[in-house]
Amino acid sequence: MKPRTKLQRRIVAASGRLPEITPAQLHWGYAHLLPHEAFRTKRGKITCTECRHTWQGDQQIDRAVCPHCGVRLTVVTTRRRTSWNKAYLSVVTTREGLQVIRYFLLERRVRDGHPARYECCEVMQRWIAPDGKYATVARLRNMSWYYDVWRCATPLELRSEYWLYNRMSVERSYPRCRLIPELRRMGLRYDLYAENPVGIFRYTFSQRHAETLLKIGRYDLFRYFCRAGGRRIEDYWPSLRICLRNGYRIDDAASWCDYIDMLGRLGKDIHNAHYVCPSDFRQAHDRCHVLLARIEAEEQVARRRAEYLEYEEQYRKAKGRYRHRFFGRRDRSSGAAKRSGIYRGGQGYAPLRRAVSRQERFAHPLGPHRGPEGGNGGGFAVAVAGRAVTRGVQ
């Protein structure tokens, strides 16, 4: 990618003047980020994967120290004789007034009969300016969803931003870091940005309230709002200032933000210390939760009732042309099936002239549709093609 802005040209020039990784940084990454294993057989023979030294050990131990090279090992009972592990080492440093985070891909390969082989390759650099703008210098990657498919033979060049660059799995950064003056005066500590230095630095530059939390020592709140992607600190800052002014201690930031959201939905004053700083937080939180659940249940019933009325109106408009057709309903309260009436549109149900039981209908030997005189009679109603028809006496 060709640099187009002044910042990008400045970053490309400074990237070429970065020094190589030091042996101390490399040794720390190999020792703390990559696993060191020892393979143990069922008979208790332990093999060190660092120097391939073997000795007879105990079957119950999980950790051991190699008597030959002195490396602390994690003992694993397995028939495996090869392993391949990868990890990322991030080094936080500065260059020409810019904050830079360098990412190195560390690999450890173990093969039977050979000592462990280590490899290191710098795959990415994240540059951040004091005004919060940033750019990425990285190597090319293969088209895959895996993170570790870097093409180490390609040069480090300015690249377009990609979502995977923000999801690099870094366990810890190198402890000896250098920060630009704009970050040092905010009071950032190593344990705050050890796991995700890029996200922490960008959040600190973009949020003006983050510096206040750092300087008053509320690192728990700072860490929560950095990681809570759906909640912004400016939405809770008025209520948070009231808590800080009254010396109120927030033990659980997530539950407290949830409590403030429920107060807002219930129409309470979130600028009042009586609501924002309850003496019994758990009781107040549970009470608001019950009230809000009750209100939501009533709103759901009202919403469903409105939907039913709307569907009923649509049904009347669609079926209004068939109002002259009458539909009866059966009364199943007794054993005998008999009609309780005829539906006459908006007038409701009207009673029939005569109700005939099942025994009476089938009492005549000629069948239910024959009257005593041999013709159609009997004075009962039958359903024909979905409509009520009265036969017999008019």
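*Asks:* Break down the packing of helix α6 (residues 208-215) against helix α8 (residues 233-245) for me, citing the residues and quoting the values.
*Replies:* Running from N to C, α6 and α8 cross one another at 50 degrees; their axes reach a closest spacing of 10 Å. In terms of axis orientation, α6 runs oblique to α8. By crossing handedness, the relation of α6 to α8 is classed as left-handed. Contacts from His-209, Thr-212 and Leu-213 of α6 reach α8 at Ile-233, Glu-234, Trp-237 and Leu-240.

*Asks:* So what's going on with the pattern of salt bridges? Which residues, and what values?
*Replies:* Overall, the coordinates contain 16 salt bridges when judged by the stated rule. Among the ionic pairs, Glu-96 bridges to Arg-17, the shortest N-O distance being 2.7 Å. Here Arg-17 lies in the loop between α1 (6-15) and α2 (23-32) and Glu-96 lies in the loop between β6 (83-95) and β7 (98-110), a separation of 79 residues in the sequence. Each of Arg-232, Glu-234 and Asp-235 takes part in salt bridges that share partners, so that together they form one network.

*Asks:* Please set out the packing of α8 against helix α9 (residues 253-265) residue by residue, giving values where relevant.
*Replies:* One can describe the packing of α8 onto α9 by two numbers: an axis separation of 11 Å at closest approach and a directional angle of 115 degrees. Taken together, the axis directions place α8 and α9 in an arrangement best described as roughly perpendicular. Both α8 and α9 take part in a crossing whose hand is right-handed. Facing α8, whose interface residues are Tyr-236, Ser-239, Leu-240 and Cys-243, α9 presents Trp-256, Cys-257, Ile-260 and Asp-261. Residue composition of the contact of α8 with α9, by class: 6 nonpolar, 1 polar and 1 charged.

*Asks:* Tell me about the packing of aromatic side chains, and name the residues and values.
*Replies:* Going through the model one piece at a time under the given rule, you end up with 9 aromatic pairs. Centre to centre, the rings of Trp-150 and Tyr-165 are 6.5 Å apart; their planes meet at 10 degrees, and the pair counts as stacked. On the criterion of sequence distance, the pair formed by Trp-150 in the loop between β9 (134-138) and β10 (157-159) and Tyr-165 in the loop between β10 and α3 (181-184) is long-range, its members being 15 residues apart. Taken as a pair, Trp-150 and Tyr-165 share a single burial class, namely buried. When the centroid spacing of 5.6 Å and the interplanar angle of 75 degrees are considered together, the rings of Tyr-259 and Phe-281 count as edge-to-face. Highlighted residues: Tyr-259 in helix α9 and Phe-281 in helix α11 (residues 281-319), separated in sequence by 22 residues. Judged on exposure class, the residue Tyr-259 and its partner Phe-281 are both buried. A connected cluster of aromatic rings, assembled from ring pairs, spans Trp-150, Tyr-162, Trp-163 and Tyr-165. Its guanidinium or amino end placed over the ring of Trp-150, Arg-141 lies 5.5 Å from that ring's centre, counting from NZ or CZ. Seen from the ring of Tyr-219, Arg-189 lies directly overhead, with NZ or CZ sitting 3.9 Å from the centre.

*Asks:* A description of the sheet that holds strand β4 (residues 63-65) should follow, citing residues and the corresponding values.
*Replies:* The strand order across the open sheet built from 5 strands is β3-β2-β1-β5-β4, with neighbouring strands paired in mixed fashion. Looking at strand neighbours, the two that pair on one side only are β3 (54-56) and β4, the edges of this open sheet. The mean inter-strand angle of the sheet, taken between neighbouring strand axes irrespective of direction, is 35 degrees.

*Asks:* Help me get a handle on the sheet that holds β10, residues and values and all.
*Replies:* With antiparallel pairing, 5 strands are arranged side by side in an open sheet as β6-β7-β8-β9-β10. Each having just a single partner strand, β6 and β10 make up the two edges of the open sheet. Across the sheet, the mean angle from the axis of one strand to that of its neighbour is 30 degrees, orientation sign disregarded.

*Asks:* Could you give me a rundown of the nonpolar core, with the residues and numbers involved?
*Replies:* Within the largest apolar cluster, 56 residues are counted, with the highest numbers of intra-cluster contacts made by Trp-150, Leu-188, Phe-201, Phe-222 and Trp-256. The element best represented in this core is α9, accounting for 7 residues. In this structure, Trp-256 is in contact with Tyr-236, Ser-239, Leu-240, Cys-243, Ile-250, Val-276 and Phe-281, ignoring residues within four places of it in sequence.

What counts, and where the lines are drawn
- Residues numbered from 1 in each chain as written.
- Predicted model: local features only at pLDDT ≥ 70, side-chain atom pairs only at ≥ 80, totals over all residues.
- Heavy atoms only, no water.
- Axes fitted to C-alpha atoms, helices over the stretch in contact; angles between N-to-C directions.
- Helix = DSSP H or I, 4+ residues; strand = E, 2+ residues; numbered from the N terminus.
- Parallel < 35°, antiparallel > 145°, perpendicular 65-115°, else oblique.
- Left-handed = near helix turned anticlockwise from the far one by under 90°.
- Contact = heavy atoms within 4.5 Å.
- Salt bridge = Lys/Arg side-chain N within 4 Å of Asp/Glu carboxyl O.
- Nonpolar A, V, L, I, M, F, W, Y, C, P; charged D, E, K, R; others polar.
- Phe/Tyr/Trp six-rings, centres within 6.5 Å; stacked < 30°, edge-to-face > 60°.
- Buried < 20%, exposed > 50% of the residue type's maximum accessible area, 1.4 Å probe, protein only.
- Lys NZ or Arg CZ within 6 Å of the ring centre and 35° of its normal.
- Pairing = 2+ DSSP bridges.
- Core = buried A, V, L, I, M, F, W, Y, C linked by side-chain atoms within 4.5 Å.

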